[in-house]
Amino acid sequence: MIAAALTCMLSSCTTNCNSENETAKYVFLFIGDGMGLAHAAATESYLSYKADTVGGAHLTFTQFPNIALTTTYSANRAITCSAAGGTAIACGAKTNNEMIGVDPDGNALKSVAYELKEKGYNVGIMTNNPVNHATPACFYANSKSRYSYYDICRQLAESGFDYFAGSGFYQFRGKDGDQPSVQGYIEEQGYTVCYGTEEFNARNKEAEKVIFIQESGREADPEYYVSDGEEECDIKISKMLEMGLEVLGDEEPFFIMCEGGNIDWAGHSNKTMAMVMEVLDFNAAIDKAMEFYNEHKDETLIVVTADHETGGLSIGQGVVWRKEIIGWDKLEKSWIESGEKNVLPFEENKALNENALIGWTSCHHTGSPVVTYAIGKGADKFHGMIDNIDIKGKILGE
Ligand SMILES: [Zn+2]
């Protein structure tokens, strides 16, 4: 047993590894868009501050027993975008930035979601971004451009997947607003589109396939943070996941992809407290998966990863001396005073971050590796240094 485990640690886990070469019956894949190691660490630092300690508070997923450092470069750039990053994770192949589910020559790739659907798995795709945004699109669409939202949404309708959830649809009536609504086409393909929890609860039971959208996402391109309040954000990702589990049930096997998309958006604007709130919301969804895992331990795999890092975040910046402390009090005070909305102009926000010793080196993505965390059946395949294209095979149990 010990010898086998050692071999497993020292090799790339091919022959002597204990895990069986088969896919778990229930698979959860969480993608924290733009969530680097420092985003999780900063959130834990904030939780420690709230608990009146310097450190030691933890998010659920950072405590998973298996961890793999994961490179994120795309086929043509050291710094990936969410389209190429999502394609690598979903389809197990590198492509150029801005491409969805196709190789650099434009040939269609098959995502892990389609492979498992063919094997009888139910599929649920959820995000707190629009459902036809880059990351979720990589699991159901093939497109040379991530910005072909209208076409990508038609592919969503044709996927046959069982459950989608998101904040809305980009280009609801096409790029110029002069096309038939995507909702009409989606409904023609047998989906019931529900806006808000009330409508979902009323119509879900009768529905064959469901799309669960923010109330505020009706015919709109909604962009919001969890902190925008109930009116803007009536469905958090933990709710999307809870409803997804209700739709998919546990009689049949399932594959779930759940994206925390706004971690990236908070990173792009260097909004520290908004980023922390988004990571906490993402973690709350993982807690829901853990409840399911605890009931189905031998048959469940949970993987948490990121498509790239956003913002070049660091805990500490400038000439930090060891007597100084991270200014969570300053960040939180400003956050509360602004109605928890992070409305500070960029320069003021920058000064606040500097004052609080939180460093952001970029308003875009960076090429740092990210962390993949795993627990459950087949989780022992996730260890050492891996590449984002390795994740698909490991999920499939190969
Ligand atoms: Zn981004």
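Structural notes, computed from the coordinates.

### Describing the packing of helix 2 (residues 37-50) against helix 11 (residues 272-295)
It is the contact of helix 2 with helix 11, at a shortest axis distance of 9 Å, that shows an interaxial angle of 95°. By the angle between their directions, the pair helix 2 and helix 11 is classed as roughly perpendicular. In this structure, helix 2 contributes His39, Ala42, Thr43, Tyr46 and Leu47 to the contact, and helix 11 contributes Met273, Met275, Val276, Met277, Val279 and Leu280. Looking at the contact of helix 2 with helix 11 residue by residue, the classes come out as nine nonpolar, two polar and no charged.

### Digging into the layout of surface pockets
If you add up the space inside the largest pocket, you get close to 290 Å³. Lining the largest pocket we find Ser45, Tyr49, Asp52, Thr53, Val54, Glu324, Ile325, Ile326, Gly327, Trp328, Asp329 and Lys330. Only helix 2 and helix 12 (328-337) provide two or more residues apiece to the lining of the largest pocket. Considering every element that reaches the lining of the largest pocket, the biggest residue donor is helix 12, with three residues.

### Side note on the coordination of the zinc ion
Within the protein, the zinc ion binds to Asp264 (OD), Asp264 (OD), His268 (NE2) and His365 (NE2); these donor distances fall in the range 2.1 to 2.5 Å. Each of the four donor atoms bound to the zinc ion contributes to angles spanning 56 to 143°, and the resulting shape is irregular. Accessibility expressed as a relative area gives 5% for Asp264, which makes it buried. The exposure class assigned to His268 is partly exposed, which follows from its relative accessible area of 25%.

### Let's talk about the environment of Trp265
Within the secondary structure layout, Trp265 lies in helix 10 (residues 262-268). Taking relative accessible area as the criterion, Trp265 reaches 14% and is therefore assigned buried. When the C-alpha positions of Trp265 and Gly34 are compared, they lie 8.1 Å apart, and in sequence the two are 231 residues distant.

### Description of the pattern of salt bridges
Evaluated as defined, the whole model comprises eleven salt bridges. Put simply, Lys392 and Glu115 hold a salt bridge, and the shortest N to O gap is 2.8 Å. Within this pair, whereas Lys392 is found in helix 14 (residues 391-395), its partner Glu115 is found in helix 4 (residues 112-118), the two being separated by 277 residues in sequence. Under the relative-accessibility criterion, Lys392 is labelled buried at 10%. In this structure, the salt-bridge partner of Arg203 is Glu199, at a minimum N-O distance of 3.1 Å. With Arg203 and Glu199 both in helix 8 (residues 196-203), this residue pair falls four residues apart, about one helical turn. Of the residues examined, Arg203 reaches a relative accessible area of 34% and is grouped as partly exposed.

Here is what the cut-offs are and how they apply
Residues numbered from 1 in each chain as written. Predicted model: local features only at pLDDT ≥ 70, side-chain atom pairs only at ≥ 80, totals over all residues. Heavy atoms only, no water. Axes fitted to C-alpha atoms, helices over the stretch in contact; angles between N-to-C directions. Helix = DSSP H or I, 4+ residues; strand = E, 2+ residues; numbered from the N terminus. Parallel < 35°, antiparallel > 145°, perpendicular 65-115°, else oblique. Contact = heavy atoms within 4.5 Å. Nonpolar A, V, L, I, M, F, W, Y, C, P; charged D, E, K, R; others polar. 1 Å grid on protein atoms, 1.4 Å probe; cavity = no way out; pocket = protein on both sides within 12 Å on 5 of 7 lines; lining within 4 Å. Points joined across faces, edges and corners; volume = space filled by probe spheres on them. Donors = N, O, S within 2.8 Å, 3.2 Å for Na, K, Ca; no water. Tetrahedral: all angles 85-135°; square planar, octahedral: opposite > 155°, others 65-115°. Buried < 20%, exposed > 50% of the residue type's maximum accessible area, 1.4 Å probe, protein only. Salt bridge = Lys/Arg side-chain N within 4 Å of Asp/Glu carboxyl O.

Take it as geometry only, folks, not as evidence of what the structure does.
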